[in-house]
Amino acid sequence: MQRHQAPFRADVVGSFLRPDTIKQARQQFAQGSISAQQLRAVENEAIRQVVQQQCECGLHVVTDGEFRRAWWHFDFFDGLQGVERYDADKGIQFNGVQTKAHGVRVTGKLGFGDHPMLDDFVYLKSICGNAQPKMTIPSPSVLHFRGGRKDIDATVYPDLEDYFEDLATTWRDAIHAFYAAGCRYLQLDDTVWAYLCSDDQRRQIIERGDDPDALARIYARVLNKALEGKPADLTVGLHVCRGNFRSTWISEGGYEPVAEVLFGSVNVDAFYLEYDNDRSGDFAPLRFIRPGKQQVVLGLITTKKGELENPEGIKARIQEAAKYVDLKQLCLSPQCGFASTEEGNTLTAEQQWDKVRLVTQIAQQVW
């Protein structure tokens, strides 16, 4: 029952711990002591190495580790038309720690043009050998959710319906542009669906004047519009993330509040779901996954700490999930990336690769 197409039985979410060479080069570039071209050469070499390491762990899928990015999402938003970054009053509040203070706002008509990440993907594809290169970008709902109405220029979008229409079109154009660049495996990273599962976050959403259930329906509609006309040989997956910054998290709660809308109506090919701890809830919401339609990549191996999971315990959890979704529709991966921001999680590179090898070993035994 091994799969020879994406998603694979052993998969990854995308980001890896940044090597010292990249951290140093970034610093030198910021100080003006090396050029953008020199920085890119350092990144290229580090990406070549991380691709090789993924293959050596037995993966059939590789990413560039998101090595050219500082953040999993802001760097992508920076390349969109009509979007600008700004210094916020405070960072994003995680469990006990705050990120650097950045935000994005929509100041013009949204659009996807000559985005720098297209070249990033082309480079990855050129060095991946027989492995399948996967591109990761944020989901459209992430651009809307953080700031909501206040970060969308009301003179550009007096009516939010027009904004959501352009949001869907922008991502549809992005999907087709990456396809044209040779991408056949694309992952959309989305923290918002996890927020909509959290009692605390839902309360905050209501306090700011939004209806969490209405937002879920809007985001499902935007995603499906973005996926319209998707080429048949392109796999698009959605990673639902509860937050990942220096091994901390934001939201907690099982998938039940959004399961019917998300699993029952969003037309992605795969869902990457975090199931690495009690905060993730049980597998019962997976009953809404459409039989034979979608793969569920179970994120049962945590990236937040270095201690290695017991393989027998992981296999037992896969069988537990198989009570709700056919085993043929299940895959395995780490719960998130190892470095959603350049700071990275609190584990060593050696522990990171031990985790990836554990994923491939278990997948081989189960399927």
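Owing to the predicted nature of the structure, the values given are computational and were not obtained by experimental measurement.

The helix and strand tally for the chain stands at 12 helices and 12 strands. At 19 Å, the chain has a C-alpha radius of gyration in line with the 21 Å of a compact globule built from 367 residues. Summarising its shape, the C-alpha atoms of the chain cover approximately 55 × 50 × 45 Å along the three principal directions. Counting the 367 residues in the chain, one finds 58% classified as buried. Of the contacts formed within the chain by residues at least 6 apart in sequence, a portion of 78% connects residues at least 24 apart. Of the side chains in the chain, 42 bear a positive and 50 a negative charge, and the two mean positions are spaced by 2 Å.

Formed by 114 residues in total, the largest nonpolar core has its most connected members in Trp 193, Leu 286 and Ile 318. The dominant element in this core, judged by the number of residues it contributes, is helix H9 (residues 212-227), at 9 residues. Apart from the residues lying within four places of it in its own chain, the contact partners of Ile 318 are Leu 298, Leu 300, Leu 327, Leu 330, Leu 332, Ile 362, Val 366 and Trp 367.

All right, on to the pairing of strand E9 (residues 235-240) then. Most of E9 sits inside the fold, with 6 of its 6 residues counted as buried. Residues Thr 235, Gly 237 and His 239 of E9 are buried on one face, and the alternating residues Val 236, Leu 238 and Val 240, pointing to the opposite face, are buried as well. Both strand E8 (residues 185-190) and E9 contribute to a ladder of 6 bridges, which runs parallel. Bridge pairing in E9 links Tyr 185 to Thr 235. By the bridge criterion, 4 bridges tie E9 to strand E10 (residues 270-274) in an arrangement that is parallel. The partner of His 239 across the bridge, within E10, is Tyr 272.

One can describe the packing of helix H2 (residues 36-56) onto helix H4 (residues 116-127) by two numbers: an axis separation of 10 Å at closest approach and a directional angle of 45 degrees. Here H2 is positioned oblique relative to H4, judged by the angle of their axes. Between H2 and H4 lies a crossing whose hand is right-handed. Contacts between H2 and H4 involve Arg 40, Asn 44, Glu 45, Ile 47, Arg 48 and Val 51 from the former and Asp 119, Asp 120, Tyr 123, Leu 124 and Ile 127 from the latter. Taken together, the residues of the contact of H2 with H4 sort by class into 5 nonpolar, 1 polar and 5 charged.

Looking now at helix H10 (residues 256-265). Every buried residue of H10 is accounted for by Val 258, Ala 259, Leu 262 and Phe 263. Taken around the axis of H10, the buried residues stretch over an arc of 125 degrees, which confines them to a single face. At its buried positions, H10 is contacted by helix H7 (192-195), E9 and E10.

Here we come to the sheet that holds E9. Overall, parallel pairing links the 6 strands, which are arranged E7-E8-E9-E10-E11-E12 in an open sheet. The sheet terminates laterally at strand E7 (135-138) and strand E12 (330-334), the two strands that pair on one side only. Averaged over all neighbouring strand pairs, the angle between strand axes comes to 25 degrees, with direction disregarded. Each of strand E11 (295-301) and E12 touches helix H11 (residues 311-321); the most contacted strand, E11, lies at about 150 degrees to it.

The subject of this paragraph is the layout of surface pockets. Counted as a void, the second largest pocket has a volume near 290 Å³. In this structure, the second largest pocket is lined by 13 residues; those nearest its centre are Arg 40, Glu 43, Arg 68, Pro 116 and Asp 120. Listing elements by their share of the lining of the second largest pocket, those giving two or more residues are H2 and H4. Grouping the amino acids of the lining of the second largest pocket by side-chain chemistry returns 5 nonpolar, no polar and 8 charged.

Reading the values: the criteria
Residues numbered from 1 in each chain as written. Predicted model: local features only at pLDDT ≥ 70, side-chain atom pairs only at ≥ 80, totals over all residues. Heavy atoms only, no water. Helix = DSSP H or I, 4+ residues; strand = E, 2+ residues; numbered from the N terminus. Rg over C-alpha atoms; globule rule 2.2 N^0.38 Å. Buried < 20%, exposed > 50% of the residue type's maximum accessible area, 1.4 Å probe, protein only. Contact = heavy atoms within 4.5 Å. Lys, Arg positive; Asp, Glu negative; His and termini not counted. Charge placed at Lys NZ, Arg CZ, Asp CG, Glu CD. Core = buried A, V, L, I, M, F, W, Y, C linked by side-chain atoms within 4.5 Å. Pairing = 2+ DSSP bridges. Axes fitted to C-alpha atoms, helices over the stretch in contact; angles between N-to-C directions. Parallel < 35°, antiparallel > 145°, perpendicular 65-115°, else oblique. Left-handed = near helix turned anticlockwise from the far one by under 90°. Nonpolar A, V, L, I, M, F, W, Y, C, P; charged D, E, K, R; others polar. Arc of directions from axis to C-beta. 1 Å grid on protein atoms, 1.4 Å probe; cavity = no way out; pocket = protein on both sides within 12 Å on 5 of 7 lines; lining within 4 Å. Points joined across faces, edges and corners; volume = space filled by probe spheres on them.

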